[in-house]
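Coordinate analysis (summary)
So you can see what is in the structure, the chains are spelled out below.
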Amino acid sequence: MALAPALAVAVTAAAALSGAATPASAARPVAAHAAVVPLVVYSAQGYDKAETQAFSKQFHIPVELDDNSTGPLLTQIEASKNNPKWGLLWVDGATAFAGLDVQHLLLRGFEPKVAWNSLGKRAVPADKSYVPTGVTLAGAMAYNAAKVPNPPTTWSQLLSPTWKGQVGTNDPSQSGPTYPFVAGMMSYLHGVSQGERFFSKLKANGLLVNPTNGPTLAALGSGQINIALVQSSAAIGAAMSDKSLKVRYLNPVTILPSAIGIDAKASKQEQLEAEQFASYVLSPAGQKVMQGGDPTGDSLYYPVLDGVAPLKALPSLSGVSTQNINPYVWGPKENMVNSWFDQNIVQ
Amino acid sequence: MTRLAQLGRPLLWLSIVLLILAPCACFLVLAVSPRLFDQGSQWFTLSYLRGVFTGASATALLNSIWVACAAAGIGLVVGFPIAWLVGRTDLPGRRFVAAGMWFVLLLPSWLPSLGWQRLVQPDGVMYRVGLDWPFVTHAIMGPFGVVLLLGLRSVPFTYLAVSVALAGLGQELEDAARTHGATRTGALRLVAPILAPAITSALAICFAEAVSDFGVASTLAYASHFPLATYQLYADINGFPPSFSGAAAVGWLLVASVAVPLALQARALRGRSYAVLSGRTRPVARRPLARQAKVLAVGFVSGFYLVALGVPGFGAVSASLLADFGASFHVTFVNYQKVFASSGLSGPLERSLVYGAITASVTVVGGFVFATMLAKKRTKSTKLLDFLLLASVALPGVVFAAGYIFAYNLPVLSRIGIDIYQTVTLLVLGYVASSLPTNARVLVGAVSQVQRSLHEAARAHGASGAGAWVRGVFPILSRPLTMAWLLTFTGIFLELPISQLLYAPGSPPLSVAIQDNLGNYHFGTGMAQAVVAVVIALVTVALVLGGYRLLAPVGWRRMGGGTRG
């Protein structure tokens, strides 16, 4: 039995030295004397099973995967925060990570040494408490091209009578990626109250609110609505299976990074393994697994690294104005904004 | 009192404390002391409890209470006649009724809800086939639809409780009434009060199940802008950061709400004995229905199944057969091909089958013991037990799950080597704790009818204590116990909230795997998985009931044969 950890350390060291599998990285090498412990990964990503299996296979570090929606994962972390059992969290949305960071639940100061592209540079937090691994867009517009030959081109056009009763989106209380969309609109319109006015007008124009991406896209498919404002990966995935659907981004569209955070209270060994995992995810091998693990779902992301191209199904971002919201400003407002949305837009 | 009994009672209460009270208390105490579990800065506050009585929380709570009352009423009005028709008449096709009830029970409540939505929503299937009936849309997508769905879900609980009680109620009472000149209605009027334990038990369990339901609350009620308390509680927990204290405050009121049906039940049963089941109980003679009555009865029962199963079945199956998010009526089996091609399905399926079987077996034993205590003379401790069990039914599964994290993931427990959070052990304990109250409540109707003389007669004939029970009492209760086992098994097989928060990483149960697909945009695949899972659960039910029919002695089936498989 003692052979397995020793072998794992040897393989890890060899892989790190070769530089082929792990790029230049700030991940500290797993100490030669330390026994490998299972890395507990909390993840809501569609490609997480493929990625953790590939990581385990390459580095011989056992991974225990808690594959869940973002909500239950964050509930588990908050409920167990005086005795945490997780090692690494991998979900969409910087606001959730900022919320954990201000509670000192995340390990700070770790950044893999990789060549970030412009999307990646904008997503790395100042205190390096989480690591972006890809980017999707919040509030992408999926529409039925057969019924909507001339879709709206600005956010304000959605308020016109032309689109009355034709627009749908998700409830930010139930759909993790929707809060960044709502917060992004508020940020773009220069304030919470201005954003509230926008969504109130959208509601007055017949906005349909469903809990999550699935039902909203189902409503688009069934013809109940003709325009769905959802996460870009969901919209593009739907368009891949339903050829009558098209995807367009209205300016500005809000960046929604997927990211990895490491438990500040995990053992040193598990933190090292988590860093190793984050570095692997951002390696060419890891990116390949990410793009192949869920090709009609979460794999439809925009890479954050130079030299990694997005999948062909993704529309080009050239000419699209993207915006980042400050997660440390908008994270603390999440409950307040969601409550307002539930009481005034959903009800 | 024997030494075993002296030891058994404290052990029983200890298990209640550890399994149910401690986790629930750990969660509910957060309503007044968030600091206790590091969820805020206040050691004592009443602000969260005050908050429940204002605004959206108060509206949701009020809605939940009146909807649960109405649902329990529908459960009784529909479930009682069906149980009577199946147990006492020659209703054609009655053998399929019990199986159908199990089908209704094993469907997770969100599935019928989505089925109805799919049918009646604007531009839904109803409109596509040319039925332009907006009044139906308005009716279903509103309080009426919510009450209807929860009421339909209550029917099997009433049916099970009443049919078991009817089976224990031999023919002699009705014969005596008829001999003394009573009409059929008169005979029914005589018998109905004797069924009071089953009826009140059914009403109480229906209320508690309806008030704690989350499937309908998060789908049809949510889409209809009709907030219910469980959704409010979920929103508090699922928000970020989660407000466990706000959720706990709603939990307190849900627990308090079950005091109403319990008080009514206590009032109805006060000081009376309902033990009618003895070794001399005679089997029932089925009354032939007149032709017109037969048509009406078949129409009534068929109508129930059409509404309870036909519509949601259509919704789920149609969603699983459309690959393009429902844009057309083009049918494809691609989702099923994905399900069967996926290597990731067999593991969760096997796990859920095993978890369901273990939980059901443990729960039936515990449920029987609790039901026996509740059926005995009412004392302060049995009244307390009754309240605790029903109150815990009223708490949604997510409360149990979060409570289990707070109670069993304390740093002090880790320091002494008890580290069971995120292990299969804690998950199964959570399943047992959440199933036990319902199970006990379902069994109490049957157990309260067993006369003590049965046990005493067996003892008088030389049987040991356990032997007397096995040979004298168990045969009569074998069918209700089998049904209770199936009820728990099917409930756990697709259970979601507890599974999500407590499953051991790397070993997801079936519901988590399905939710993973539904949440990751693979809506059709997830629905196909759900349909396959329901079929597997149904096959399991058929195997168990078929096994009982084949293996149980004829006498067992005759004595306990109120419900047909």
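**Here's the deal with the overall build of chain A**
Looking only at helices and strands, one finds 13 helices and 11 strands in chain A. Nonlocal contacts in chain A, meaning residues at least 24 apart in sequence, comprise 75% of its contacts between residues at least 6 apart. Accessible area for chain A stands at about 12,100 Å²; split by element, carbon and sulfur atoms hold 58% of it.

**A short note on the pairing of strand 3 (residues 88–92) of chain A**
Residues and elements named next belong to chain A. The element strand 3 is largely enclosed, with a buried count of 5 among its 5 residues. Here strand 3 shows a buried face lined by L88, W90 and D92 and a second buried face lined by L89 and V91. For strand 1 (residues 39–43) and strand 3, the ladder comprises 3 bridges, and the chain directions are parallel. Its bridge partner being in strand 3, Y42 is matched across the sheet by L89. Pairing between strand 3 and strand 10 (residues 253–262): 5 bridges, direction antiparallel. Paired with W90 across the bridge in strand 10 is I260.

**Details of the pattern of salt bridges**
If charged atoms from side chains of opposite charge come close, those side chains can pair. Residues and elements named next belong to chain A. One pass over the full model with this rule turns up 6 salt bridges over all chains. Between R108 and D127 there is a salt bridge; the shortest N-O distance is 3.2 Å. Here D127 lies in the loop between helix 5 (118–123) and strand 4 (130–138) and R108 lies in the loop between helix 4 (94–102) and helix 5, a separation of 19 residues in the sequence. Given a relative accessible area of 23%, D127 falls into the partly exposed group. What you see here is one network of salt bridges that share partners, running through D101, R108 and D127.

**Topic: the nonpolar core**
Counting 218 residues, the largest nonpolar core has L89 and F199 of chain A together with F27 and F304 of chain B as its most contacted members. In contact with F199 of chain A, not counting residues within four places along its chain, are F181, V182, M185, W340, F341 and I345 of chain A. The next biggest cluster of nonpolar side chains, apart from the first, holds 54 residues, and it includes Y47, A238, V289 and Y302 of chain A.

**Regarding the sheet that holds strand 9 (residues 245–248) of chain A**
Residues and elements named next belong to chain A. The strand order across the open sheet formed by 5 strands is 7-6-8-5-9, and the pairing between neighbours is mixed. This sheet does not close on itself; its edge strands, each paired only once, are strand 7 (208–210) and strand 9. Looking at each pair of strands side by side, their axes are set apart by 25° on average, direction ignored. Of the strand pairs in this sheet, strand 6 (residues 167–170) and strand 7 are connected by 3 bridges, and their pairing is parallel. Among the inter-strand pairings, G168 is bridged to a residue of strand 7, identified as L208. Running at roughly 150° to strand 9, helix 9 (residues 232–241) makes contact with strand 5 (140–144), strand 8 (227–230) and strand 9 of the sheet.

**Focus: the side chain of Q45 of chain A**
Within the secondary structure, Q45 of chain A sits in the loop between strand 1 and helix 2 (48–59). If we ignore the near neighbours within four places in the chain, the residues touching Q45 of chain A are D67, W90, V91, D92, S258 and D298 of chain A.

**Quick word on the environment of T136 of chain A**
Residue and element names in this part refer to chain A. Secondary-structure assignment places T136 in strand 4. Classification of T136 as buried rests on a relative accessible area of 5%. For the pair formed by T136 and K265, sequence separation is 129 residues and the distance between their alpha carbons is 29 Å. If near-sequence neighbours (up to four positions away) are discounted, T136 is found in contact with Q231, S232, S233, T254, I255, L256, L300 and Y301. Here Q231 takes part through its side chain, which lies 2.9 Å from a polar atom of the side chain of T136.

**A word on helix 3 (residues 70–79) of chain A**
Every α-helix winds through 3.6 residues per turn, so residues three or four apart in the chain are directed the same way. The buried fraction of helix 3 of chain A is high, at 10 of 10 residues. Those residues of helix 3 of chain A that sit buried are T70, G71, P72, L73, L74, T75, Q76, I77, E78 and A79 of chain A.

**As for a nonpolar patch on the surface**
There is a patch of nonpolar side chains on the surface, built from L7, L11, L14, V17, L18 and L21 of chain B and spanning about 510 Å² of accessible area. In this fold, L11 of chain B is placed in helix 1 (residues 3–28).

**Remarks on the packing of helix 3 (residues 55–88) of chain B against helix 13 (residues 229–238) of chain B**
Residue and element names in this part refer to chain B. Two elements in contact, helix 3 and helix 13, have axes whose closest approach is 7 Å; the angle formed by their N-to-C orientations is 140°. By the angle between their axes, helix 3 is oblique relative to helix 13. Every residue of helix 13 that contacts helix 3 at A56, S57, A60, L61 and S64 is listed here: A229, T230 and Q232. Tallied by class, residues from the contact of helix 3 with helix 13 come to 4 nonpolar, 4 polar and no charged.

**A look at the packing of helix 11 (residues 196–212) of chain B against helix 19 (residues 380–394) of chain B**
All names here are of chain B. Direction vectors running N to C along helix 11 and helix 19 enclose 35°, while the axes themselves pass 7 Å from each other. Across the interface between the two elements, A204, I205, A208, E209, V211 and S212 from helix 11 touch L390, V393 and A394 from helix 19. Split into classes, the residues belonging to the contact of helix 11 with helix 19 amount to 7 nonpolar, 1 polar and 1 charged.

**Focus: the confidence of the model for chain A**
Per-residue confidence for chain A averages 88 on the pLDDT scale, and 90% of its residues sit at or above 70. With pLDDT under 50 throughout, residues 1–25 of chain A is counted as low confidence; its partners more than four residues away or in other chains account for 30 contacts.

**A look at the environment of W330 of chain A**
Relative to the elements of secondary structure, W330 of chain A occurs in helix 12 (residues 327–330). Setting aside residues no more than four positions away along its own chain, W330 of chain A makes contact with T95, Y179, A183, M186, S187, V192 and I325 of chain A.

**Describing the environment of F341 of chain A**
Residue and element names in this part refer to chain A. Mapping F341 onto the fold places it in helix 13 (residues 334–346). The exposure class assigned to F341 is buried, which follows from its relative accessible area of 0%. The contact partners of F341, leaving out residues within four places of it in the chain, are N170, D171, P172, V182, F199, V209 and V346.

**Observations regarding the packing of aromatic side chains**
What describes a pair of aromatic rings is the distance from one ring centre to the other and the angle between the planes of the rings. Residues and elements named next belong to chain A. Summed over all chains, the structure comprises 27 aromatic pairs over all chains. Pairing F55 with Y280 gives two aromatic rings, centres 6.0 Å apart and planes at 50°, and the pair type is tilted. Note that F55 is positioned in helix 2 and Y280 in helix 10 (residues 268–281), a separation of 225 residues in sequence. Of the two residues examined, F55 and Y280, each falls in the buried class. Grouping aromatic residues by their ring pairs yields a cluster made of Y47, F55, F59, W90, F277, Y280 and Y301. Residue placement shows K333 over the ring face of W330; its charged tip is 4.7 Å from the ring centre.

About the criteria used
- Each chain has its residues counted from 1, following the order in which its sequence is written.
- Key to labels: chains lettered from A, ligands numbered from 1, both in the order written.
- Restriction of local features to residues with pLDDT of at least 70 applies here, the model being predicted, together with a cutoff of 80 or more for giving and counting side-chain atom pairs; totals for whole chains, interfaces and linings are based on all residues.
- Here the side-chain values reflect all heavy atoms present in the structure, with hydrogen atoms and water set aside.
- Where helices and strands are cited, they refer to DSSP runs of H or I of at least four residues and of E of at least two residues respectively, numbered from the N terminus.
- Any two residues having at least one pair of non-hydrogen atoms within 4.5 Å are treated as being in contact.
- The accessible surface values rely on the Shrake-Rupley method and a 1.4 Å probe; as for residues, cover is taken only from the protein chains in view.
- Relative accessible area decides the class of each residue, using a 1.4 Å probe on protein chains only: under 20% of the type maximum gives buried, over 50% gives exposed, and in between gives partly exposed.
- At least two DSSP bridges between two strands are needed for those strands to be called paired.
- Salt bridge criterion: a side-chain nitrogen from Lys or Arg within 4 Å of a carboxyl oxygen from Asp or Glu.
- Nine residue types can take part in a nonpolar core, namely buried Ala, Val, Leu, Ile, Met, Phe, Trp, Tyr and Cys, and a core is a set of them joined through side-chain atoms within 4.5 Å.
- To get an axis, a line is fitted to the C-alpha atoms, and for a helix only the part in contact is used. The angle between two axes follows their N-to-C directions and goes from 0 to 180 degrees.
- In protein, a polar contact means a hydrogen-donor-capable atom and an acceptor-capable atom, both N or O and within 3.5 Å, with residues adjacent in sequence counting only if both atoms are side-chain atoms; elsewhere, any N or O pair within 3.5 Å suffices.
- Like charges within 9 Å and nonpolar side chains (Val, Leu, Ile, Met, Phe, Trp, Tyr) within 5 Å are joined into patches, using only residues over 30% in relative accessible area that form no salt bridge.
- Should an angle fall under 35 degrees it is taken as roughly parallel, and over 145 as roughly antiparallel, whereas 65 to 115 is taken as roughly perpendicular and any remaining angle as oblique.
- In the scheme used here, Gly and all other residues not listed as nonpolar or charged are polar, with Ala, Val, Leu, Ile, Met, Phe, Trp, Tyr, Cys and Pro taken as nonpolar and Asp, Glu, Lys and Arg as charged.
- Confidence of the predictor in every single residue is expressed as pLDDT, which spans 0 to 100.
- Only centres within 6.5 Å qualify two rings of Phe, Tyr or Trp (six-membered ring in Trp) as a pair; their planes then separate them into stacked at under 30 degrees, edge-to-face at over 60, and tilted for everything else.
- Whether a charge lies above a ring is judged from NZ of Lys or CZ of Arg, which has to be within 6 Å of the ring centre and within 35 degrees of the ring normal.

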